[in-house]
Amino acid sequence: MSLKSRQMHLMSRPNGMPTPENFEMRTVDVGGPGPGEVLVRNRWMSVDPYMRPRMIGMEDSYIPPFSLGEAMDGTAVGEVLESADPAFSRGDLVLSFMGWREAFTAPADQLEKIDCPPGIDEQAFLGVLGMPGLTAYSGLLHLGQPVPGETIFVSGAAGAVGSYVCQIAKIKGLNVVASVGSEEKCAWVLGRGVDHAINYKTVPNLLEAVQAAAPRGIDIYFDNVGAEHLEVALETANQFARFVECGMIATYNDVGRRPGPCNIINIVLKSIRMEGYINSTLAARTPGLKEAFLRDMLQWIAEGRIRWEETVIEGIENALDGFLQLFTGGNVGKMLIRIG
Ligand SMILES: NC(=O)c1ccc[n+]([C@@H]2O[C@H](COP(=O)([O-])OP(=O)(O)OC[C@H]3O[C@@H](n4cnc5c(N)ncnc54)[C@H](OP(=O)(O)O)[C@@H]3O)[C@@H](O)[C@H]2O)c1
């Protein structure tokens, strides 16, 4: 079997917000699988903020930059159409790193078979049961080290990672202050039990809003955003606060040198522990972490204590639009592209 597949190529490195001119959609022929290979048609692909730094070309990052002129990649869930490897059969659902394309042939050892637990759809493996879920769980529990009764400030709180962090924080008995970019998102996080929701786009003063929501200061800052949110967290942090540096999406479109937080001295003055991490690296050096994540998440989901939202964009031709909406707040929960 062979088929046509559309795939998205990076043609130039964006300066600022990417535009359609930086990319090109091409149609390629995908042949049948050779020995040990599998032919897969994607059904879902993930668009994620980390893809933006990969468009810049930073050689010393934890993940290689996208190559100019080549198809981009990322996590995807697909269906096996044809297999020349005994580990996979037609109809199997597989997780791969072959996103940004409709179909592909790959060696079997680059695919992971998915078994959907009852009542859970396959695309959950791109969100709550996948990389963003692991990021939330590992960052909050291993770096944040929450103690019941403490206060956590979460930025980007209605996105994929942030929305899971808020709910795990409530499970762990924290007082949660969530920052989000719309009233709809405020309502969603409040509906999931957070104690205070702040619309950072409309409050007159973010620092005063966080101080009002956390009058006794914050003990953990879960950073998805960086920039002003990080400065506010440094200002409102208590002694011995933990800063979980997960991401800084507010800076990803600034390709030059970025200004540091003006009040970084607070790390010294307040004995703050600030730690960055990459989910896969942390999982690789923490035995049992991934297993504990899946076990706890599945239990919390079954108990109704973790819920998730998805924003679904239809068609690979609209994948770039979905990706760009991550930077304008177009998603509630996980941003997904349905391909098949
Ligand atoms: N360390 C790791 O291993 C790891 C793994 C996955 C993700 N991450 C990081 O975690 C963060 C969240 O990722 P995600 O996949 O869950 O994305 P997401 O939160 O689902 O989507 C991005 C959200 O960021 C917010 N945002 C965009 N620009 C902003 C700005 N200038 N200021 C404030 N908020 C802004 C938007 O929400 P609003 O409407 O609220 O503005 C948007 O919906 C990102 O920084 C990402 O790089 C890190």
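Residues numbered from 1 in each chain as written. Predicted model: local features only at pLDDT ≥ 70, side-chain atom pairs only at ≥ 80, totals over all residues. Heavy atoms only, no water.

It is worth spelling out the packing of aromatic side chains at this point. Across all of its chains, the model carries 6 aromatic pairs by this definition. Between Tyr221 and Phe243 the ring centres are 5.4 Å apart and the planes differ by 70°, which places this aromatic pair in the edge-to-face class. With a gap of 22 residues between them, Tyr221 in strand E11 (residues 218-223) and Phe243 in strand E12 (residues 237-245) connect regions that are remote in the sequence. Residues Tyr221 and Phe243 agree in their burial class; the two are buried. Arranged with centres 5.4 Å apart and planes meeting at 70°, the rings of Phe323 and Phe327 form a pair that is edge-to-face. In this pair, the class of Phe323 matches that of Phe327, namely buried. An aromatic cluster is present here, built from Trp100, Phe323 and Phe327 joined pairwise through their rings. Stacked on the ring of Phe88, the Lys or Arg Lys113 has its end atom at 5.7 Å from the ring centre. (Phe/Tyr/Trp six-rings, centres within 6.5 Å; stacked < 30°, edge-to-face > 60°. Helix = DSSP H or I, 4+ residues; strand = E, 2+ residues; numbered from the N terminus. Buried < 20%, exposed > 50% of the residue type's maximum accessible area, 1.4 Å probe, protein only. Lys NZ or Arg CZ within 6 Å of the ring centre and 35° of its normal.)

Further remarks concern the sheet that holds E12. Spatially, E10-E9-E8-E11-E12-E13 is the arrangement adopted by the 6 strands of the open sheet, whose pairing is parallel. Two strands close off the open sheet at either side, each with one partner strand: strand E10 (196-199) and strand E13 (273-276). For this sheet, the mean inter-axis angle between neighbouring strands, taken without regard to orientation, is 15°. As paired strands, strand E8 (residues 151-154) and strand E9 (residues 175-180) are joined by 4 bridges and run parallel to one another. Bridge pairing links Val154 to Ala178 in E9. Helix-sheet contacts for helix H6 (residues 227-236) involve E8, E9, E11, E12 and E13, and the interaxial angle to E12 is about 150°. (Pairing = 2+ DSSP bridges. Axes fitted to C-alpha atoms, helices over the stretch in contact; angles between N-to-C directions. Contact = heavy atoms within 4.5 Å.)

On inspection of all chains with the given rule, the structure shows 0 disulfides. Of all cysteine sulfurs in the structure, the one in Cys186 sits closest to Cys166, which takes part in no disulfide; the separation is 11 Å. Overall, the relative accessible area of 7% leaves Cys186 in the buried class. (Disulfide = S-S within 2.5 Å.)

Scanning the model with the defined rule gives 15 salt bridges in all. For Lys4, the salt bridge is made with Asp29, and the minimal N-O distance between the two is 2.7 Å. You can see Lys4 sitting in strand E1 (residues 3-10) and its partner Asp29 sitting in strand E2 (residues 23-30), a full 25 residues away along the chain. Within the structure, one salt-bridge network assembled from shared partners comprises Arg6, Glu102 and Glu317. (Salt bridge = Lys/Arg side-chain N within 4 Å of Asp/Glu carboxyl O.)

Before going further, it helps to examine the packing of helix H2 (residues 131-144) against helix H3 (residues 160-171). Contact geometry for H2 and H3: axes closest at 8 Å, N-to-C directions at 45°. The orientation of H2 relative to H3 falls into the category oblique. Judged by the twist between their axes, the crossing of H2 over H3 is right-handed. For the pair H2 and H3, the contacting residues are Pro132, Gly133, Thr135, Ala136, Tyr137, Leu140 and Leu141 in the first and Ala160, Val161, Tyr164, Val165, Ile168 and Ala169 in the second. (Parallel < 35°, antiparallel > 145°, perpendicular 65-115°, else oblique. Left-handed = near helix turned anticlockwise from the far one by under 90°.)

Neighbouring residues of the ligand: 26 residues in total, closest Lys185, Tyr200, Tyr252, Asn279 and Asn331. Between Lys185 and the ligand, the recorded distance is 2.6 Å, taken from a side-chain N or O atom to an oxygen atom. In isolation the ligand has 910 Å² of accessible area, and contact with the protein removes 92% of it. Mapped by element, the contributors of at least two residues to the shell around the ligand are H2 and H3. The residues that make up the shell around the ligand include at least three from each of domain 1 (3-124 + 308-338) and domain 2 (131-281). (Near = heavy atom within 4 Å. Polar contact = N/O pair within 3.5 Å; in protein donor to acceptor, adjacent residues only side chain to side chain. Areas by Shrake-Rupley, 256 points an atom, 1.4 Å probe, with all protein chains shown as cover. Domains from an automatic or database assignment.)

Time to look at the domain arrangement of the chain. Partitioning the chain into structural domains gives domain 1 (3-124 + 308-338) and domain 2 (131-281). Computed over C-alpha atoms only, the centres of domain 1 and domain 2 are separated by 28 Å. Taken together, the contacts link 22 residues of domain 1 with 16 residues of domain 2. Both faces considered, domain 1 and domain 2 share a buried interface measuring about 1500 Å² in area, 66% of it formed by carbon and sulfur atoms. For the pair domain 1 and domain 2, the number of links is 6 residue pairs in polar contact (both at pLDDT 80 or more). Classifying every residue of the side of domain 1 that touches domain 2 by side-chain character gives 12 nonpolar, 6 polar and 4 charged. (Buried area = accessible area lost by both parts, 1.4 Å probe. Nonpolar A, V, L, I, M, F, W, Y, C, P; charged D, E, K, R; others polar.)

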